[in-house]
Amino acid sequence: MSLQRRFILFLVVFLLSFPCYYSLPGKPNFNIVSKRIDKVGRSLASVKTVNVNHYGAKGDGSDATKAFKKAWKTACSSRGSILVVPKNKNYLLKPITFEGPCKFSITVQIHGTVRASGDRSAYRNDMTRWLVFENVHNLAVEGGGTINGNGKIWWENSCKVNDSLPCKDAPTALTFYNCKNLVVKNLKIKNAQKMHVSFEKCVGVQALDLKITAPEDSPNTDGIHVTSTQNIRISSSVIGTGDDCISIVNGSRKVLATGITCGPGHGISIGSLGSGNSEAHVSDITVNVATLLGTTNGVRIKTWQGGSGSASNIKFQNIKMHNVDNPIIIDQKYCDQDEPCKSQSRAVQVKNVLYQNIKGTSSSNEAIKLVCSDKFPCREIVFQGIDIQVGGKAAAKAVCNSNNAKVTEKGDVSPSCTT
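Computed from a predicted model, the values in this text were never measured in an experiment. (Residues numbered from 1 in each chain as written. Predicted model: local features only at pLDDT ≥ 70, side-chain atom pairs only at ≥ 80, totals over all residues. Heavy atoms only, no water.)

Draft legend 1. Representation of the layout of surface pockets within the structure. Of the voids in this model, the largest pocket is the one considered here, and its volume is about 1300 Å³. Lining the largest pocket are 45 residues, and of these Lys-160, Lys-194, Asn-220, Asp-243 and Asp-336 sit closest to its centre. Of all the elements in the fold, those that place two or more residues in the lining of the largest pocket are helix H4 (152–156), strand E15 (224–227), strand E19 (268–273) and strand E21 (299–304). Residues belonging to the lining of the largest pocket are distributed by class as follows: 15 nonpolar, 17 polar and 13 charged. There is about 250 Å³ of room inside the second largest pocket. In this structure, the second largest pocket is lined by 15 residues; those nearest its centre are Lys-94, Pro-95, Ile-96, Ala-122 and Asn-125. Those elements that provide at least two residues to the lining of the second largest pocket are helix H3 (65–76), strand E5 (96–99) and strand E8 (129–134). No other element matches the three residues that E8 contributes to the lining of the second largest pocket. Counted by class, the lining of the second largest pocket contains six nonpolar, four polar and five charged residues. (1 Å grid on protein atoms, 1.4 Å probe; cavity = no way out; pocket = protein on both sides within 12 Å on 5 of 7 lines; lining within 4 Å. Points joined across faces, edges and corners; volume = space filled by probe spheres on them. Helix = DSSP H or I, 4+ residues; strand = E, 2+ residues; numbered from the N terminus. Nonpolar A, V, L, I, M, F, W, Y, C, P; charged D, E, K, R; others polar.)

Draft legend 2. Main features of the pairing of strand E12 (residues 180–190). Where strand E9 (residues 137–142) and E12 come together, four bridges link them in parallel fashion. From the neighbouring strand, Leu-139 faces E12, where its bridge partner is Leu-182. As judged from the three bridges shared by strand E10 (residues 146–148) and E12, these two strands associate in the parallel manner. Paired with Ile-147 across the bridge in E12 is Ile-189. (Pairing = 2+ DSSP bridges.)

Draft legend 3. Spatial organisation of the state of the cysteines. Per the counting criterion, the structure on display carries six disulfides. Residue pairing for Cys-245: its cysteine sulfur links by disulfide to Cys-262, the two sulfurs lying 2.1 Å apart. Taking the sign of the torsion about the S-S bond as the criterion, the disulfide between Cys-245 and Cys-262, at about 85 degrees, is right-handed. Of this pair, Cys-245 sits in the loop between strand E16 (230–240) and strand E17 (246–248) while Cys-262 sits in strand E18 (residues 253–262), and the two are 17 residues apart along the sequence. Accessibility expressed as a relative area gives 0% for Cys-245, which makes it buried. Note that Cys-400 is cross-linked by a disulfide to Cys-417, the S-S spacing being 1.8 Å. Judged by the sign of its S-S torsion, about -45 degrees, the cystine formed by Cys-400 and Cys-417 is left-handed. Pair noted here: Cys-400 is in the loop between strand E28 (397–399) and strand E29 (405–414) and Cys-417 is in the segment after E29, with a separation of 17 residues, a long-range link. On the accessibility criterion, Cys-400 (22% relative accessible area) is partly exposed. Look at the protein chain and number its bonded cysteines as they come in the sequence; the links are 1-2, 3-4, 5-6, 7-8, 9-10, 11-12. Its sulfur unpaired, Cys-179 is 4.7 Å from the next cysteine sulfur, which belongs to Cys-202. Cys-202 sits in the buried class, given a relative accessible area of 1%. (Disulfide = S-S within 2.5 Å. Buried < 20%, exposed > 50% of the residue type's maximum accessible area, 1.4 Å probe, protein only.)

Draft legend 4. Representation of the nonpolar core. Judged by nonpolar contacts, the single largest core of 100 residues is most densely connected at Phe-176, Phe-316, Tyr-355 and Phe-383. If sequence neighbours within four positions are ignored, Tyr-355 has contacts with Val-299, Ile-301, Phe-316, Ile-328, Ile-330, Ile-381, Val-382, Phe-383, Gln-384 and Ile-386. (Core = buried A, V, L, I, M, F, W, Y, C linked by side-chain atoms within 4.5 Å. Contact = heavy atoms within 4.5 Å.)

Draft legend 5. A look at the side chain of Ser-81. Looking at the secondary structure, you find Ser-81 in strand E3 (residues 81–85). Relative accessible area serves as the criterion here: at 4%, Ser-81 is assigned to the buried category. At 2.7 Å, the side chain of Ser-81 forms a polar contact with the backbone oxygen of Ala-75. With residues up to four places along the chain from it excluded, the contact list for Ser-81 reads Val-47, Lys-48, Ala-75, Cys-76, Ser-105, Ile-106 and Thr-107. (Polar contact = N/O pair within 3.5 Å; in protein donor to acceptor, adjacent residues only side chain to side chain.)

Draft legend 6. Broad picture of unusual backbone geometry. Cis geometry is found at the peptide bond from Gly-100 to Pro-101, where omega equals 5 degrees. Turning to its location among the elements, Pro-101 is positioned in the loop between E5 and strand E6 (106–110). Although it is not a glycine, Asn-138 sits at a positive phi angle of roughly 55 degrees. By the element assignment, Asn-138 lies in strand E9. Not every positive phi belongs to a glycine, and Asn-277 is a case in point at roughly 60 degrees. Of note, Asn-277 is situated in the loop between E19 and strand E20 (279–293). With a relative accessible area of 40%, Asn-277 lands in the partly exposed category.

Draft legend 7. Region of the structure containing the pattern of salt bridges. A full pass over the atoms with the stated rule returns ten salt bridges. Across the pair Arg-300 and Asp-244 runs a salt bridge, and its minimum N-O distance is 3.1 Å. Separated by 56 residues along the polypeptide, Arg-300 in strand E21 and Asp-244 in the loop between E16 and E17 bring together distant segments of the chain. Of the two residues, Arg-300 and Asp-244, neither departs from the other in class, the shared state being buried. The network of salt bridges with common partners includes Asp-126, Arg-129 and Glu-134. (Salt bridge = Lys/Arg side-chain N within 4 Å of Asp/Glu carboxyl O.)

Draft legend 8. Looking closely at the environment of His-111. Position of His-111 relative to the elements: it lies in the loop between E6 and strand E7 (113–116). In this structure the C-alpha to C-alpha distance between His-111 and Asn-90, which are 21 residues apart in sequence, comes to 9.9 Å. A polar contact of 3.3 Å, which involves the side chain of His-111, links it to the side chain of Gln-109.

What follows is the structure in structure tokens.
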């Protein structure tokens, strides 16, 4: 057979087999791919960009509250939108609620600075919240910009700073309430009036690449507060404030905090739980990979006497401590009030808690402190691979009562609760 005829025969066979090859399972179907590309193209084309400057915001530090409300109304009612807060601009906002549900998914890109009004009378209708996203699903808030709570005026008027003043509420800087499928990332949040970020009654949350800062002496300025929220991942964030870096309270479950740098502040806390004889439940909480620097507590569980419910299935793993006071503490007799708390028999049950691979230095002699209830003792507490020293030299102490703290130790544990 001549070379030319062989080539023609090969070409015929190849062309006949070509459609069959691409109809085999697992091979690409170009009709489907082209449809998907067309769909994505149409989807991208339909995304509406909403710039707050186009709605009257000037970005010169003047009040932009009305402009932000108008821009949000447009973005929320559009079929897929991006609300843009431009870079190198400064926007002053009074209390504002960005309310859903929205027509479609929505992204808020904060590139500039959003600053809270310093006029305390502007909060007279609600002294507890400044920026609020409520009932918004499929929301992303991002952009690398800054949210500034302008909290100094609130701190100066706090009873925790000046005990001659009456105790009053102060606003949380950024609240997400009843949101689903939420992403909050790449933001700087600073100087909150009280708490910096609060997730309340949310489901499916990713909070990452956040930098949260406030002075060490600023009162009640928790970094991230989680309440009644499920399936939340907090990751790759640096938090240094005047209170808990992360606080996890009643109704929260399936919480993961990973890649956290904490300090200054009060550490990473579960609780407080059970105040005012209330029932509280938290479960399936994991803190994995964290560094705590000079905090007044390390990893802490705190519950009030008289409460009920449980804190269970909790893991603190792969944590480094540097000059931390109270590195590991369970306190079932927590009392944050001027008068001594009344002794009560009821307590929130603390059980199934793992402390694993926690190493570093303590600024106090007591590196492990378990203050547990007589009637509802701490149960199934496991220490594994613990090495905490005082200043890196002296041996630290563990304060544990075997009658009300049921502890198991695995591998090297120093200091030890069982010796």
